Amino acid sequence: MAGTGVFAEILDVDIFKYYADGEWKTSSSGKCVPIVNPTTRETQYKVQACTQEEVNKVMEAAKNAQKSWAKTPLWKRAELLHKAAAILKEQKAPIAECLVKEIAKPAKDAVTEVVRSGDLVSYCAEEGVRILGEGKFLVSDSFPGNERNKYCLTSKQQMLRITGKMPYKICGELVSVPPPFDLTIPLGVILAIPPFNYPVNLAVSKIGPALIAGNSIVLKPPTQGAVAALHMVHCFHLAGFPKGLINCVTGKGSEIGDFLTMHPSVNCISFTGGDTGIAISKKAGMVPLQMELGGKDACIILEDADLDLVAASILKGGFSYSGQRCTAIKVVLVMESVADALVAKVNAKLAKLTVGAPEDDCDITPVVTESSANFIEGLIMDAKQKEATFCQEYKREGNLIYPLLLDNVRPNMRIAWEEPFGPVLPVIRISSVEEGIHHCNASNFGLQGCIFTRDINKAILIGDAMETGTVQINSAPARGPDHFPFQGFKDSGIGSQGITNSINMMTKIKSVVINLPTPTYSMG
């Protein structure tokens, strides 16, 4: 049960504490933020409403802790990450319970998210040890007009030992051989902002790379999903990370959101979410950004496609977790000649989906908030007014929207372009591949897309033409495995994620150039 057992110290009566400088604390504001259960539509949990002054203290703690952490050996960082990953997996049940209650994630999927998160943290540890221990050695005479009288050592983080008989001056003293230099160059304080739909997994996808690279973390979890995130943070606390290195502040975005993203102590922002990210990017200045901001992932289906595979992929890709995934299929672009057959197959599969409470592990569960349900309903009503074909009767019970396939959708309908983030999927019939590519590329989004065909040559040509960060061939869009690169074009994001790319993004390149008095050549 949430806030009990090893997690008892994170709860103050009925309000969950925030985490700062290695301690669980109660905000001086005396206020809390309620978290509404999407299924019952009643308050399930409460979290602290942190103040701007408390954010200042958190930033100062993170800044100080990072300086010491940057001097911690890679193997030690990795050891602590492995320990946190193990605790995370051990405590999967209470964390999964929070996901069920806060964001209506089906029970099995909730457990899977926590276990997957533990695996991600462990992989970060291993990958960080590998890639951060590498560097480059360049010699000057490889560029025209130069003798070999300069050595350039470029590193993200490595031990550099210079040997030779020549005296070097260090701190005013001449020495024959200097001691090793530790070139630790993380970015500093990373502000991590995950979304509601994966508040644990998309938090650790930022925390893991940041920590192994020598950074500190300030986590601002989403309101829906905040308690699951706080439980996850406690697993890192139990692992024994230094005080101040990991921090988690909760509160209203209207009160501390801009204050966090524009804080002078923040050296990098890693954000996953929606339009808010565009506003953040305009205010961030010179701070490095890593952003994934949603998508309108198109599924292009050719005449030779395996329609059974397509139907199964649409079911999983379009309706799992009630369509509340950035990588969900958001629009089907199918060749007219096979459209009837495909729609029939998808409808047959939709009829078998279970609809209900996440505790019952239903396929379709309530969407996260009433405002989300209202937005989805608005898109559906617009399509109805403009005469889309409803393959199922539209049905809504509170936040619970029953799965709906809309056929004969046209470009003048909002659902053709806007991201519903719900269990409704538009089908647009196309007469040519070019028409499908045009619709895909006309979108402001460019996260992922997919193509179904038996002709690999056509698939590659179409994939090259699609303006998306990733193209899946004969499979629905997906973010994982978590070590794969993950990026969006246009309004879908900035930079690239995936474990290796995130580690690289959260470090800086530093070069040390050794100038020799005379050119020197091996065996010369």
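Check the entry above for the structure.
Quantities reported herein were computed from a predicted structural model and do not represent experimental measurements. (Residues numbered from 1 in each chain as written. Predicted model: local features only at pLDDT ≥ 70, side-chain atom pairs only at ≥ 80, totals over all residues. Heavy atoms only, no water.)

**Q** Tell me what's going on with the overall build of the protein, and back it up with residues and numbers.
**A** Counting its secondary structure elements, the protein contains 14 helices and 32 strands. Expressed as lengths along the three principal axes of its C-alpha atoms, the size of the protein is roughly 85 × 65 × 40 Å. Burial analysis of the protein (524 residues in total) assigns 55% to the buried set. Considering only residue pairs separated by 6 or more positions, the protein has 70% of its internal contacts joining residues 24 or more positions apart. Of the roughly 21,800 Å² of accessible surface on the protein, 54% is carried by carbon and sulfur atoms. Of the charged side chains in the protein, 52 are positive and 54 negative; the average position of the first set lies 6 Å away from that of the second. (Helix = DSSP H or I, 4+ residues; strand = E, 2+ residues; numbered from the N terminus. Buried < 20%, exposed > 50% of the residue type's maximum accessible area, 1.4 Å probe, protein only. Contact = heavy atoms within 4.5 Å. Areas by Shrake-Rupley, 256 points an atom, 1.4 Å probe, with all protein chains shown as cover. Lys, Arg positive; Asp, Glu negative; His and termini not counted. Charge placed at Lys NZ, Arg CZ, Asp CG, Glu CD.)

**Q** Pulling in residues and values, what's your account of the state of the cysteines?
**A** Taken as a whole, this structure holds zero disulfides when the rule is applied. Summary of cysteine pairing: C248 is not part of a disulfide, and the nearest cysteine sulfur, belonging to C50, is at 8.4 Å. Given the relative accessible area of 0%, C248 is considered buried. (Disulfide = S-S within 2.5 Å.)

**Q** Describe in detail the environment of G225, supporting the description with residues and values.
**A** Positionally, G225 belongs in the loop between β14 (216–219) and α6 (226–239). Residues G225 and G22, 203 residues apart in the sequence, show an inter-C-alpha distance of 21 Å. Ignoring anything within four residues of it in the chain, the contact list for G225 reads E102, I103 and P199.

**Q** Run through the side chain of R429, naming residues and quoting values.
**A** Topologically, R429 is positioned in strand β24 (residues 424–430). One polar contact links R429 to D407, side chain to side chain, over a distance of 2.7 Å. Only 3.4 Å separates the side chain of R429 from the side chain of N408, close enough to count as a polar contact. (Polar contact = N/O pair within 3.5 Å; in protein donor to acceptor, adjacent residues only side chain to side chain.)

**Q** Would you mind going over the packing of aromatic side chains in detail, with residue names and values included?
**A** Summed over all chains, the structure comprises five aromatic pairs. In this structure an aromatic cluster arises from ring pairing among W69, F236 and F241. One cation-aromatic arrangement involves R479 over Y198; the distance from NZ or CZ to the ring centre is 6.0 Å. (Phe/Tyr/Trp six-rings, centres within 6.5 Å; stacked < 30°, edge-to-face > 60°. Lys NZ or Arg CZ within 6 Å of the ring centre and 35° of its normal.)

**Q** Report on the environment of N197, specifying residues and quantitative values.
**A** Relative to the helices and strands, N197 is located in the loop between β13 (189–193) and α5 (201–212). Classification of N197 by relative accessible area gives buried; the value is 2%. Each C-alpha atom of the pair N197 and T261 lies 21 Å from the other, and the pair is 64 residues apart in sequence. Once residues within four sequence positions are removed from consideration, N197 is found in contact with I103, K105, E113, L202, Y321, Q324, R325, C326 and F421. Among the polar contacts made by the side chain of N197, one reaches the main-chain carbonyl oxygen of Q324 at a distance of 3.1 Å.

**Q** Account for the nonpolar core, with residues named and values stated.
**A** Counting residues in each nonpolar core, the largest one holds 74 residues, and the members touching the most others are L211, I217, L219, M232, F236 and F241. The greatest single-element share of this core, amounting to 10 residues, is contributed by α6. Discounting residues that sit within four places of it in the chain, F236 has contacts with L81, A84, V121, V204, I207, L211, F241 and I246. (Core = buried A, V, L, I, M, F, W, Y, C linked by side-chain atoms within 4.5 Å.)

**Q** How would you sum up the sheet that holds strand β8 (residues 150–155)? Please name residues and give values.
**A** As summarised here, the arrangement of the three strands in space is β7-β8-β32, forming an open sheet in which the pairing is antiparallel. Here the strands that pair on one side only, and so sit at the sheet edges, are β7 (135–139) and β32 (510–515). Each strand of the sheet is rotated relative to its neighbour by a mean of 15 degrees, with strand direction disregarded. Bridge count between β8 and β32: six bridges; the pairing is antiparallel. Residue pairing in the sheet places Y151 in a bridge with I514 of β32. (Pairing = 2+ DSSP bridges. Axes fitted to C-alpha atoms, helices over the stretch in contact; angles between N-to-C directions.)

**Q** Requested: an account of the pattern of salt bridges, with residues and values cited.
**A** For the structure on display, the rule yields 21 salt bridges. When the shortest N-O distance is used, the salt bridge between K89 and D119 registers 2.4 Å. Residue K89 is located in helix α2 (residues 74–90), and its partner D119 is located in helix α4 (residues 107–131); the two are separated by 30 residues in the primary sequence. Residue classification places D119 among the partly exposed positions, given a relative accessible area of 41%. Between R148 and D141 there is a salt bridge, and its shortest N-O distance comes to 3.0 Å. Under the relative-accessibility criterion, R148 is labelled partly exposed at 22%. Salt bridges sharing partners connect three or more residues here, namely E336, D340, D407 and R429. (Salt bridge = Lys/Arg side-chain N within 4 Å of Asp/Glu carboxyl O.)

**Q** Can you tell me about the packing of α2 against α6, naming the residues and giving the values?
**A** As a packed pair, α2 and α6 sit with axes 8 Å apart at the nearest point and diverge in direction by 130 degrees. Relative to α6, α2 is oriented oblique. Both α2 and α6 take part in a crossing whose hand is right-handed. Together, L80, L81, K83, A84, I87 and L88 of α2 and M232, C235, F236, L238 and A239 of α6 make up the contact between the two elements. Residues belonging to the contact of α2 with α6 are distributed by class as follows: 10 nonpolar, no polar and one charged. (Parallel < 35°, antiparallel > 145°, perpendicular 65-115°, else oblique. Left-handed = near helix turned anticlockwise from the far one by under 90°. Nonpolar A, V, L, I, M, F, W, Y, C, P; charged D, E, K, R; others polar.)

**Q** Describe unusual backbone geometry, and please don't skip the residues or the numbers.
**A** Here the bond from G480 into P481 is cis, since omega is -5 degrees, no more than 30 degrees from zero. Turning to its location among the elements, P481 is positioned in the loop between β27 (470–473) and β28 (486–487). Within the chain, A104 stands out as a residue other than glycine whose phi angle is a positive 55 degrees. The topology assignment puts A104 in the loop between α3 (92–103) and α4.

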